[in-house]
Amino acid sequence: MAVSLGAFILLVDVTIVNVALPQMAEDLHAGFASLQWVVDAYALALAALLLAAGSLADRFGHRRLYVGGLILFALASLACGLAPGAGVLVAARAVQGVGGAAMFATTTALLGATYQGRDRGTAFGVWGAVNGAAAAAGPLLGGLLTEHIGWQAVFLVNLPIAAVAVLMTLRVIAPDRRDEARHAAPSGRLDIPGAVTFTLAAAALTYGLIRGSEDGWTSALTLGAFAVAVVSLAAFVTAEIRAERKGGQPMLDLALLRRPSFSGLMGGALLLQGGAFGGLALLSLWLQSVIGLGPIDAGLSLTPLAVVSFVVSLVAGRYLQRLTPRLPIGLGLLVVAGGMLLLNAGLTADAGRSAVIAGLCVTGAGAGLAMPVLVSAAMGSVPPQRMGMAGGAVSTFRQLGMTLAIAGLGAVFTSRVEKVLEDSGTAADPHAAASALAGGQAHRMIESAPAAVRDDTARLVHEAFAAGLDRVFLCAAVAAAVGGLLVLALVRPTPRPQGGARTGGTPAEQTPGSRGEAAEPARA
């Protein structure tokens, strides 16, 4: 229960924020770029630090790092709830991601060390169910808290849960033994250069995508950010090669990417997360700022994706593990692409909340097929001594996919909206108007229009927002389809040892203990 409570607040924060974005924008006078960073700062910190946190846990103890992560996460949540402006909120969200990485990197190891035999399987089953419930409850919980208390409550609710989780962890989970931690820790130094250069590369690329849609793709800031990303990526590759040659522990063994199955799975993980979930923040803005739903109704409208994903993974999970991974993952990605195309077709200027139900359900079904086997497939595609690294890499690529998709799809959205407004010939400043719509100010734009043209303005707002979302979901569909084809083309069946036993079983069976690997259920 102590581990499950930590997992709940960690994962619910991925989806709970989306519903609160319009109210944040209004209260903090935040633009679309700031809203993107509210979501991206958290996912970026998770992606950048998961593998490094796993190495720290191996050296200093999993319980110690888990409790430290819980405390940091709670303090950052308090800072988020008290944030006076968008800048402080984004910084606190990044710190939340740091704490979340420490928690995420240690949960499976704690469960594996605390339970044995059938109890271990039961513990992982409960943990997985809580993870799925967190994803499903996030939008509705966010709507309830935002509508009845305020957006600050979506962060402050973490405090009592984290406090209980810390007390239970200290009470029921055995302390780390220094000799065991020292024995379990891999030899060599921590890959600090790798962690720093990877973080800088991902952050610079994300910044460039966000600034490009705001300042233009040829602005000095945008080009500078992309240049920093390229240089940092080259430095990361150099750092990993040097660490491997010196007998250290690289954050990611780049030789694994030469394995077709592993590289296909990493590409699938990145494109699955981005394709299925990268547009949800924009969809939440549409539900509330354009068609006028309250936070609770908007949360209910987004819930089908997570609920269907959870149900499919729960019902089909045990059967999916018996198949070659390329089928559920590859076909699941293609189903996600189909769901995105349904959203693309259903969102018109006259559409209401019912237009998104079918697309979200199909997308959830695809995610529910693909996600339960991603980690075990990656761990089964590499040598045994690299299984922990492979499991952690899946989580890293998934969070990176979410980060880049939010930034990239946001740029696609604002570009398309600006083009529609420009073609209408009625917007005095199409770029500023597009940014305002992306920042959740559709209702304010309509109300501020002169009475004589208010109806025309409302129609234009609906048309522009729908056109932007259509382009977003089309791009997401293409990304998911490319991911599915990559997996089907590159991933091969995992060799079976004599006797027919599966190599690389579920993470619960393997008891992973390092590098931030996690047996993730389907979730947003």
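Residues numbered from 1 in each chain as written. Predicted model: local features only at pLDDT ≥ 70, side-chain atom pairs only at ≥ 80, totals over all residues. Heavy atoms only, no water.

A. Empty space enclosed by the protein, seen in detail. Evaluation of the coordinates by the stated rule reveals four cavities of 30 Å³ or more. Broken down by secondary-structure element, the contributors of at least two residues to the lining of the largest cavity are α2 (32-60), α13 (280-290) and α18 (387-424). Classifying every residue of the lining of the largest cavity gives eight nonpolar, three polar and no charged. (1 Å grid on protein atoms, 1.4 Å probe; cavity = no way out; pocket = protein on both sides within 12 Å on 5 of 7 lines; lining within 4 Å. Points joined across faces, edges and corners; volume = space filled by probe spheres on them. Helix = DSSP H or I, 4+ residues; strand = E, 2+ residues; numbered from the N terminus. Nonpolar A, V, L, I, M, F, W, Y, C, P; charged D, E, K, R; others polar.)

B. Geometry of the packing of aromatic side chains. In this structure the tally under the stated criterion is six aromatic pairs. Taken together, a centroid distance of 6.3 Å and an interplanar angle of 85° make the contact between Trp-151 and Phe-155 edge-to-face. The burial state of Trp-151 is the same as that of Phe-155; both residues are buried. Every member of this aromatic cluster is reached through a ring pair, and the members are Phe-32, Phe-413 and Phe-465. (Phe/Tyr/Trp six-rings, centres within 6.5 Å; stacked < 30°, edge-to-face > 60°. Buried < 20%, exposed > 50% of the residue type's maximum accessible area, 1.4 Å probe, protein only.)

C. Main features of the nonpolar core. With 144 residues, the main nonpolar core has Leu-21, Met-24, Leu-89, Leu-283, Trp-286 and Leu-469 as its most contacted residues. It is α2 that provides the largest number of residues to this core, a total of 16 residues. Discounting chain neighbours no more than four positions away, the residues touching Leu-21 are Leu-35, Val-38, Val-39, Ala-281 and Leu-285. (Core = buried A, V, L, I, M, F, W, Y, C linked by side-chain atoms within 4.5 Å. Contact = heavy atoms within 4.5 Å.)

D. Spotlight on the packing of α2 against helix α4 (residues 86-104). Where α2 contacts α4, the two axes come as close as 7 Å, and the packing angle between them is 25°. By the angle class used here, α2 and α4 are roughly parallel. Crossing of α2 over α4 shows right-handed handedness. Every residue of α4 that contacts α2 at Ser-34, Trp-37, Val-38, Val-39, Ala-41, Tyr-42, Ala-45, Leu-46, Leu-49, Leu-50 and Ala-53 is listed here: Ala-86, Leu-89, Val-90, Arg-93, Ala-94, Gln-96, Gly-97, Val-98, Gly-100, Ala-101, Ala-102 and Phe-104. Taken together, the residues that form the contact of α2 with α4 break down as 18 nonpolar, four polar and one charged. (Axes fitted to C-alpha atoms, helices over the stretch in contact; angles between N-to-C directions. Parallel < 35°, antiparallel > 145°, perpendicular 65-115°, else oblique. Left-handed = near helix turned anticlockwise from the far one by under 90°.)

E. Local environment of the pattern of salt bridges. For the structure shown, the criterion picks out six salt bridges. Arg-459 serves as the salt-bridge partner of Asp-350, at 2.5 Å between the closest nitrogen and oxygen. Highlighted residues: Asp-350 in the loop between α15 (326-346) and α16 (357-370) and Arg-459 in helix α21 (residues 454-490), separated in sequence by 109 residues. Using a relative accessible area of 62% as the deciding quantity, one classes Asp-350 as exposed. We note a salt bridge from Arg-459 to Glu-463, for which the minimum N-O separation is 3.1 Å. With a gap of four residues between them, Arg-459 and Glu-463 both fall in helix α21, about one helical turn apart. On the basis of relative accessible area, Arg-459 is assigned to the partly exposed category, the value being 39%. A cluster of three or more residues bridged by salt bridges with shared partners is formed by Asp-350, Arg-459 and Glu-463. (Salt bridge = Lys/Arg side-chain N within 4 Å of Asp/Glu carboxyl O.)

F. Quick look at the confidence of the model for the protein chain. Overall, the prediction assigns the protein chain a mean pLDDT of 83, with 87% of residues at 70 or greater. For the protein chain, the element scoring lowest by mean pLDDT is helix α22 (residues 507-510), at 38; α15 scores highest, at 94. The model gives residues 181-185 a pLDDT under 50, and that stretch makes six contacts with residues more than four places away or in other chains. Low pLDDT (under 50) marks residues 496-524, which in the prediction has 99 contacts with non-local residues, meaning those over four places away or in another chain. (pLDDT = per-residue confidence, 0-100.)

G. The arrangement of unusual backbone geometry in detail. In this model, His-29 sits at a positive phi of 55°, which is unusual for a non-glycine residue. Relative to the helices and strands, His-29 is located in the loop between α1 (2-28) and α2.

H. Molecular detail of the packing of α15 against α16. Running from amino to carboxyl end, α15 crosses α16 at an angle of 170°, the nearest separation of the two axes being 7 Å. It follows that α15 is roughly antiparallel to α16 by the angle criterion. Contacts between α15 and α16 involve Pro-328, Ile-329, Gly-332, Val-335, Val-336, Gly-338, Gly-339, Met-340, Leu-342 and Leu-343 from the first element and Ala-358, Gly-359, Leu-360, Val-362, Thr-363, Ala-365, Gly-366, Ala-367, Leu-369 and Ala-370 from the second. The residue inventory of the contact of α15 with α16, partitioned by class, reads 14 nonpolar, six polar and no charged.

I. Highlighting the side chain of Thr-106. Considering the arrangement of structural elements, one finds Thr-106 in the loop between α4 and α5 (107-114). Exposure remark for Thr-106: the relative accessible area of 0% places this residue in the buried category. Looking at Thr-106, its side chain comes within polar contact range of the main-chain oxygen of Met-103, at 3.0 Å. Ignoring sequence-local partners within four residues, the contact set of Thr-106 consists of Ala-57, His-62, Leu-65 and Tyr-66. (Polar contact = N/O pair within 3.5 Å; in protein donor to acceptor, adjacent residues only side chain to side chain.)

J. Local environment of α13. Of all 11 residues making up α13, 11 are buried, and the element is well covered by its neighbours. Among the residues making up α13, those that are buried are Leu-280, Ala-281, Leu-282, Leu-283, Ser-284, Leu-285, Trp-286, Leu-287, Gln-288, Ser-289 and Val-290.

K. Here's a closer look at the environment of Asp-429. Following the sequence through the fold, Asp-429 ends up in the loop between α18 and α19 (430-438). As a C-alpha pair, Asp-429 and Glu-418 span 11 residues in sequence and 9.0 Å in three-dimensional space.

L. Spatial organisation of the side chain of Ser-77. Along the chain, Ser-77 falls in helix α3 (residues 62-81). In this structure, Ser-77 is in contact with Gln-96, Phe-155, Leu-156, Asn-158 and Leu-159, ignoring residues within four places of it in sequence.

M. Expanded view of α2. End to end, α2 covers 40 Å across 29 residues, agreeing with the expected 42 Å (1.5 Å per residue, within 8%). Of all the bends in α2, the greatest measures close to 50° and is centred on Leu-49. Positive phi appears at Gly-61, one or two residues downstream of α2, with a value of about 110°. (Expected span 1.5 Å × (residues − 1). Bend = angle between axes of the 7 residues up to and from the residue.)

N. Geometry of a nonpolar patch on the surface. The grouping of Leu-323, Leu-327, Leu-331, Leu-334 and Leu-485 at the surface amounts to a nonpolar patch, some 400 Å² of accessible area in total. Take the nonpolar patch: its biggest share by element is three residues, from α15. Structurally, Leu-334 is set in helix α15. Residue class for Leu-334 comes out partly exposed when judged on its relative accessible area of 31%. (Patch = residues over 30% accessible without salt bridge, like charges linked within 9 Å, V, L, I, M, F, W, Y side chains within 5 Å. Areas by Shrake-Rupley, 256 points an atom, 1.4 Å probe, with all protein chains shown as cover.)

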